[in-house]
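Listed below are the residues making up each chain.
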Amino acid sequence: MTTDNSADTFPRQYARTLRFTVGAPRSFTVAPDGSRVAFLRSGPGSGRANLLWTVDTTTGEERIAADPAVLLDGGEEHLSAAEKARRERSREGSAGIVGYALDGSAKLAAFALSGRLFAADLDAGTARELPAAGPLVDPRPSPDGAYVAYATTAGELRVTRTDGSGDAALAAPERAGVTWGQAEFIAQEEMDRDRGFWWSPTGDRLIVARADDAPVRRWWIADPANPASVPAEIAYPAAGTPNAEVGLWLIDLAGGRTEVDWDREAFPYLARVHWSAGGPPLLLVQSRDQRSQQIRTVDPATGATELLLAERDDVWHDLFPGVPAWTPDGRLVRISDEGGVRALVVGDRTVTDAALHVRSVVAVTGDAVLFSASAGDTDRELPPGWQGLFRADADGVRPFAPGGDGAASAVHAGGVTVLATSSTERPGTTVRVLRGDEVLATVASYAETPLLTARPLFRFAGERRIPSAVFLPTGYDAGRDGPLPVLMDPYGGPHGQRVVRAHNPHLTSQWFADQGFAVVVADGRGTPGRSPGWEKSIAFDVAAVTLDDQVEALRALAEEFPLDLGRVAIRGWSYGGYLAALAVLRRPDVFHAAVSGAPVTDWQLYDTHYTERYLGHPEERPEVYRANSLIEDAPKLERPLMIVHGLADDNVVAAHTLRLSSALLAAGRRHAVLPLSGVTHMTPQEQVAENLLLLQVDFLKRSLAG
């Protein structure tokens, strides 16, 4: 969809469309029999509010299953503090229906709107409100569709009958700070676990997490622009401090409870829960240092657990989507780092080799495991940023869906695949519904067409073959225009792959290039998608390793591209903000200006699961925390630095920027701080997001011209 707005600019469009996600289809689920696909998408004229849609795989017809404007009678949506926090953890900026869950036959969908419970009949295409005690979060139907379980902001786990005949509490908090059926902060922010309860395959009981954040230290997030407002209290488990205590209980529909037993002192992190017809419930639990983990089975009758697999890694264990899981015939599916290779393991057989770096398990069927992977370190043919989809079965491993030259993702069930592919040659993502190679439907996108075209030039840079992308100004002529000032534009740290074979993720980099820069994006060591060794080489030394790779990529690419190494700037957000500030503090010989957004400046202020994985426990390795902190480097600053931070950020709190600014001031070092009132880590506000881009360009141009 193209918006006819002659006054529009890319920064405005980019902010208004939430990075061009508004109107794009997402959150697909395929019915077990392959008859339909459910998904979310904001429609033309609905702004950021998602509707629930279905696609009939026989006819290809799309139909609205639930429209928030209708269900709320045109009224505004009101979000509880708990729901706002959930959305912040998942980086969710849209509105309307932002999540849903289906029953076992994919005929009933449950979702929350304004803290109220709604259900949609996907056969009839109708939706209605169900009786529930709100505000509520995360409603999920039982497999037979007779009940919907949900968590409340008061900490309860409740169930309601879908026929409207009753609603009851299954578990209620004994005191303040206890929640039933909700994922705690660390699970949501760092483990990619946003659930706190799981239905049994027969629908007669649930496994329910009980989280007690009483041990967690309290922080207060104030709003300095509104001094009359009361600071918000948050339970924030900073590195080296106590986490929430998390346990599991089996609860039946009459409220009967049985505690699930494992050594929670040795393995306090509940990372994954899986319950399917293929076997007993599975738990993946980790030690606090994440070097040891166990997969355990649960006896649903007694709550006793039995060790199925114990794993030890001298550095850390990563967590992966889709595993552990059972095959229908009872074999364990997992992803494991074996012999320097991230491999898929089914039962007692390792089914992939060094040619592939396994990323996630997409689906487990009766005869195959479908998974995503990028090229392993041994593959010298595939370009940077490539990601494909594969099928592992009795005949070996092969691609399982038509791909292309870009990146692909998928969901699969009932012989039907929803395949989403992206390419650098076109904006957005193409979504097709397939049965084998047959295209059953193409899901429409209402996303706006960007006002500019990204032109990434992919390279492996330097001796380490660092995946990189270079962007030159549109219409640039080397013979006429000469060398360009350089803007390094990295994330550069764990979990953040920026060099991808897609168009839209590179739009901001291209926009900066069109302002007169040669922009370089480099995914150095620590970033995902290459090999376990590549990711884990940052252990206990994130600063030196990630910064060294930015320098190596810059110098290697300057041998091919018109980069003026006498005018080099760097910008980034979150870990990228840390890296940007680090660059001008420690390598002023290379970097001449920086914009640092929401940086982690003192790692003792960041959370347990993330920080201790990479730096260890601060009481055991205080020297590591000092070596990777920006605070002690403050007296070294001799280049222009602008620090940007949202004052409402509860992930990387504003204290990070304030501590660095105080240290810089104490050392007499000039710098600029841009505080963003009411802004969180996501900066979803349209005007703020637009003007941040413009202010960065102005600062960088002035700094490099000086």
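This report concerns the structure included in the present document. (Residues numbered from 1 in each chain as written. Predicted model: local features only at pLDDT ≥ 70, side-chain atom pairs only at ≥ 80, totals over all residues. Heavy atoms only, no water.)

Regarding empty space enclosed by the protein
Step number 1: A complete count under the given rule lists three cavities of 30 Å³ or more for this structure.
Step number 2: Taken as a whole, the largest cavity spans an internal volume of roughly 230 Å³.
Step number 3: Considering the residues around the largest cavity, the lining is formed by 20 residues, among which Ala375, Phe460, Pro467, Gly529 and Arg530 are closest to the centre.
Step number 4: The residue inventory of the lining of the largest cavity, partitioned by class, reads nine nonpolar, six polar and five charged. (1 Å grid on protein atoms, 1.4 Å probe; cavity = no way out; pocket = protein on both sides within 12 Å on 5 of 7 lines; lining within 4 Å. Points joined across faces, edges and corners; volume = space filled by probe spheres on them. Nonpolar A, V, L, I, M, F, W, Y, C, P; charged D, E, K, R; others polar.)

Overview of the sheet that holds strand β10 (residues 136–141)
Step number 1: As summarised here, the arrangement of the four strands in space is β10-β11-β12-β13, forming an open sheet in which the pairing is antiparallel. The sheet is open, and its two borders are formed by β10 and β13 (167–171), each paired with just one other strand. Neighbour-to-neighbour, the strand axes of the sheet open up by a mean angle of 25°, direction not taken into account. (Pairing = 2+ DSSP bridges. Helix = DSSP H or I, 4+ residues; strand = E, 2+ residues; numbered from the N terminus. Axes fitted to C-alpha atoms, helices over the stretch in contact; angles between N-to-C directions.)

Some remarks on the side chain of His357
Step number 1: Assignment of secondary structure puts His357 in strand β29 (residues 356–364).
Step number 2: A polar contact of 3.3 Å, which involves the side chain of His357, links it to the backbone oxygen of Arg530.
Step number 3: Here His357 is in contact with Arg342, Ser372, Ala373, Ser374, Ala375, Gly376, Gly529, Arg530, Ser531, Pro532 and Glu535, once residues within four sequence places are set aside. (Polar contact = N/O pair within 3.5 Å; in protein donor to acceptor, adjacent residues only side chain to side chain. Contact = heavy atoms within 4.5 Å.)

Details of unusual backbone geometry
Step number 1: At the junction of Gly134 and Pro135, the peptide bond is cis and its omega measures out at -5° in the coordinates.
Step number 2: By the secondary structure assignment, Pro135 is in the loop between β9 (126–129) and β10.
Step number 3: Residue Pro324 is bonded to the preceding Val323 through a cis peptide linkage, with omega at 0°.
Step number 4: Within the secondary structure layout, Pro324 lies in the loop between β24 (305–312) and β25 (325–326).
Step number 5: A positive phi is found at Ser27, a non-glycine position, where the angle reads about 55°.
Step number 6: On the basis of relative accessible area, Ser27 is assigned to the partly exposed category, the value being 33%.
Step number 7: For Ser574, which is not glycine, the phi dihedral falls at a positive 65°.
Step number 8: Turning to its location among the elements, Ser574 is positioned in the loop between β41 (563–573) and α9 (575–586).
Step number 9: Its relative accessible area of 12% is what places Ser574 among the buried residues. (Buried < 20%, exposed > 50% of the residue type's maximum accessible area, 1.4 Å probe, protein only.)

Focus on helix α10 (residues 608–615)
One turn of the α-helix equals 3.6 residues, which is why residues spaced by three or four share an orientation.
Step number 1: When you tally the buried positions in α10, you get eight out of eight residues, the bulk of the element.
Step number 2: Taken together, the buried positions of α10 are Thr608, His609, Tyr610, Thr611, Glu612, Arg613, Tyr614 and Leu615.
Step number 3: With a side-chain oxygen positioned 3.5 Å from the backbone nitrogen of His609, the residue opening α10 is Asp607.
Step number 4: Count one or two residues on from α10 and you reach Gly616, which has phi positive near 80°.

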